[in-house]
Amino acid sequence: MQLVVARIGRAHGIKGEVTVEVRTDEPELRLGPGAVLATEPSSVGPLTIANGRVHSGRLLLRFEGVADRTAAEALRNTLLIAEVDPEEVPEDPEEFYDHQLIDLDVVTRAGTEVGRISEISHLPYQDLLVVQRPDGSEVLIPFVSEIVPEIDLEEQRAVIDPPPGLLDDSQAEIASSREDS
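For the structure given in this document, a descriptive report is provided here. What you see is a predicted model, and the numbers here were worked out from it, not measured in a lab.

**A short note on the pairing of strand E7 (residues 105–108)**
A regular strand places its side chains on the two faces of the sheet in alternate fashion.
1) Next: The sheet contact formed by E7 and strand E8 (residues 113–122) spans 3 bridges and is antiparallel. Paired with Val107 across the strands is Glu113, a residue of E8.
2) Next: Where E7 folds back on E8, the antiparallel hairpin that results is connected by 4 residues, among which Gly111 adopts a positive phi of roughly 95°.
3) Next: Summarising the sheet, E7 and strand E12 (residues 157–160) pair through 4 bridges and their orientation is parallel.

Structure, rendered in structure tokens:
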């Protein structure tokens, strides 16, 4: 099974290094020297990691055969994809791979059916569960423990505790109001 582990950002310096947006909780395992990664678009890869380092809090990678800034810049926005055993699970029981979450039924704590997870959207500051509702609409649910307190893989469901307005706009609470002066 294939798993997106990073997205290549901009070139760094003149020797072919690139910044990467890490999309795995195990970068030392997936993005180490010698790792061979498939790419999207596939015409760019596969890419073999020559070395990596952290600079100012960002991971920098250099790939074999990418020797200068021009070649590095040509890789920008390429997704790096690792081959993962489908039976493999993260060490931390509070972590999940995307494939484990896709197609889980989503219900509220009260048991109300919300829909089914169709996609995981990885944003810079948090992940969102994209839930397909029975009526065909979608709802985005922040994947944080306060809102998604339980993932039950055996029962194939995610239990949510949505704040007012997340599922129904008519229940939204206005946090503050601004008076016109």
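Once you've had a look at it, read on.
**A short note on the nonpolar core**
1) Next: Ranked by size, the top nonpolar core spans 22 residues in total, and within it Ile8, Leu31, Leu61, Phe63 and Leu80 carry the most contacts.
2) Next: When contributions to this core are tallied by element, the ones reaching two or more residues are strand E1 (2–12), strand E2 (17–22), strand E4 (47–55), strand E5 (58–63) and strand E6 (79–83).
3) Next: In terms of residue count, E1 provides more of this core than any other element does, 5 residues in total.
4) Next: Leu61 has contacts with Gly16, Glu17, Val18, Val20, Leu31, Ile49, Asn51, Gly52 and Leu80, leaving out every residue within four places of it along the chain.
5) Next: Leu104, Ile117, Val148 and Ala158 belong to the second-largest nonpolar core, a separate cluster that totals 16 residues.

**Points about unusual backbone geometry**
1) Next: Geometrically, the link from Glu40 to Pro41 is a cis peptide bond, its omega value of 10° lying close to zero.
2) Next: In this structure, Pro41 sits in the loop between strand E3 (36–40) and E4.
3) Next: With a phi close to 70°, Asn77 is a non-glycine residue in the positive phi region.
4) Next: By relative accessible area, which is 49% here, Asn77 ends up partly exposed.

**Quick word on the sheet that holds E5**
1) Next: Pairing within the closed barrel is antiparallel, and its 6 strands lie in the order E1-E2-E5-E4-E3-E6. Taken pair by pair, the neighbouring strands of this sheet meet at an average axis angle of 50°, ignoring direction.
2) Next: Of the strand pairs in this sheet, E1 and E6 are connected by 5 bridges, and their pairing is antiparallel. Bridge assignment links Gln2 to a residue of E6, and that residue is Glu83.

**Observations concerning the sheet that holds strand E9 (residues 127–132)**
1) Next: Sheet architecture is open: 6 strands sit in the order E10-E9-E8-E7-E12-E11, paired in mixed fashion. The sheet is open, and its two edges are formed by strand E10 (138–142) and strand E11 (150–152), each paired on a single side. Sheet twist, expressed as the mean angle between neighbouring strand axes with direction ignored, is 35°.

**Points about the pattern of salt bridges**
1) Next: In this structure the tally under the stated criterion is 5 salt bridges.
2) Next: Glu73 is the salt-bridge partner of Arg76, the closest N and O atoms lying 3.0 Å from each other.
3) Next: In this structure Glu73 comes out as partly exposed when scored by relative accessible area, which is 29%.
4) Next: A salt bridge links Arg157 to Glu150; its shortest N-O distance comes to 3.7 Å.
5) Next: Under the relative-accessibility criterion, Arg157 is labelled partly exposed at 31%.

Thresholds applied
Residues numbered from 1 in each chain as written. Predicted model: local features only at pLDDT ≥ 70, side-chain atom pairs only at ≥ 80, totals over all residues. Heavy atoms only, no water. Pairing = 2+ DSSP bridges. Helix = DSSP H or I, 4+ residues; strand = E, 2+ residues; numbered from the N terminus. Core = buried A, V, L, I, M, F, W, Y, C linked by side-chain atoms within 4.5 Å. Buried < 20%, exposed > 50% of the residue type's maximum accessible area, 1.4 Å probe, protein only. Contact = heavy atoms within 4.5 Å. Axes fitted to C-alpha atoms, helices over the stretch in contact; angles between N-to-C directions. Salt bridge = Lys/Arg side-chain N within 4 Å of Asp/Glu carboxyl O.

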